[in-house]
Amino acid sequence: EEPRPATRLYVIVMPRFRKRPVEIEAEQFVVGKPLPFNDRGPVVCFDGEWYVETVHGQRTVLADGDWVILEPRGVHQAYPCKPDIFEACYEPVA
């Protein structure tokens, strides 16, 4: 009988990351209430639906209760965030 070649075991370690602690500006979109950042204009109405204009020039539909987060370096640019994700990722700044 011929000897078997040695078996090698490789362990793949997935890298892990943590969000940097960054302060953001965010307001919640609530149907029937004043628009988030009304004076800066990232929320628009088009064909009867409310959208937020992203940094990539896309319009993303807003649902009642979504948070609108301003891009740190963008003027009139923002992105939406679902309430459960917002609650898991952000806390008020004292």
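Residues numbered from 1 in each chain as written. Predicted model: local features only at pLDDT ≥ 70, side-chain atom pairs only at ≥ 80, totals over all residues. Heavy atoms only, no water.

Q: Teacher, can you tell me more about the side chain of Thr 54 here?
A: Assignment of secondary structure puts Thr 54 in the loop between β3 (49–53) and β4 (59–61). Look at Thr 54 and you get buried, because its relative accessible area is 9%. Residues within four places of Thr 54 in sequence aside, it is in contact with Thr 60, Gln 77 and Ala 78. (Helix = DSSP H or I, 4+ residues; strand = E, 2+ residues; numbered from the N terminus. Buried < 20%, exposed > 50% of the residue type's maximum accessible area, 1.4 Å probe, protein only. Contact = heavy atoms within 4.5 Å.)

Q: How do you make sense of the sheet that holds β4 when you look at a structure like this?
A: Strands pair in a sheet through their backbones, by hydrogen bonds, and they do so in one of two ways: parallel or antiparallel. One open sheet accounts for three strands, arranged β2-β3-β4; its pairing is antiparallel. The two strands at the open ends of the sheet, each matched to only one other strand, are β2 (43–46) and β4. Across the sheet, the axes of successive neighbouring strands diverge by a mean angle of 45 degrees, strand direction being ignored. Examined bridge by bridge, β3 and β4 share three bridges and lie antiparallel to one another. Paired with Glu 53 across the two strands is Arg 59, which belongs to β4. (Pairing = 2+ DSSP bridges. Axes fitted to C-alpha atoms, helices over the stretch in contact; angles between N-to-C directions.)

Q: Quick question: what am I supposed to make of the sheet that holds strand β5 (residues 67–70) here?
A: As summarised here, the arrangement of the three strands in space is β1-β5-β6, forming an open sheet in which the pairing is antiparallel. Each edge of the open sheet carries a strand with a single partner, namely β1 (26–28) and β6 (78–81). Each strand of the sheet is rotated relative to its neighbour by a mean of 25 degrees, with strand direction disregarded. As paired strands, β5 and β6 are joined by four bridges and run antiparallel to one another. When the bridges of β6 are listed, Trp 67 appears paired with Cys 81.

Q: I tried to follow the state of the cysteines on my own but got confused; where do I start?
A: By definition, a disulfide links the sulfur atoms of two cysteines through a covalent bond. Counting across every chain of the model gives zero disulfides. Of all cysteine sulfurs in the structure, the one in Cys 89 sits closest to Cys 81, which takes part in no disulfide; the separation is 6.3 Å. Cys 81 gets classed as buried once you look at its relative accessible area, which sits at 9%. (Disulfide = S-S within 2.5 Å.)

Q: Would you mind showing me how to read unusual backbone geometry here?
A: Note on backbone geometry: most residues besides glycine have negative phi, and most peptide bonds are trans. Located in the positive-phi region is Asp 47, a residue other than glycine, with phi close to 55 degrees. Its location among the elements puts Asp 47 in the loop between β2 and β3. Take Asp 47: its relative accessible area is 69%, and that puts it in the exposed class.

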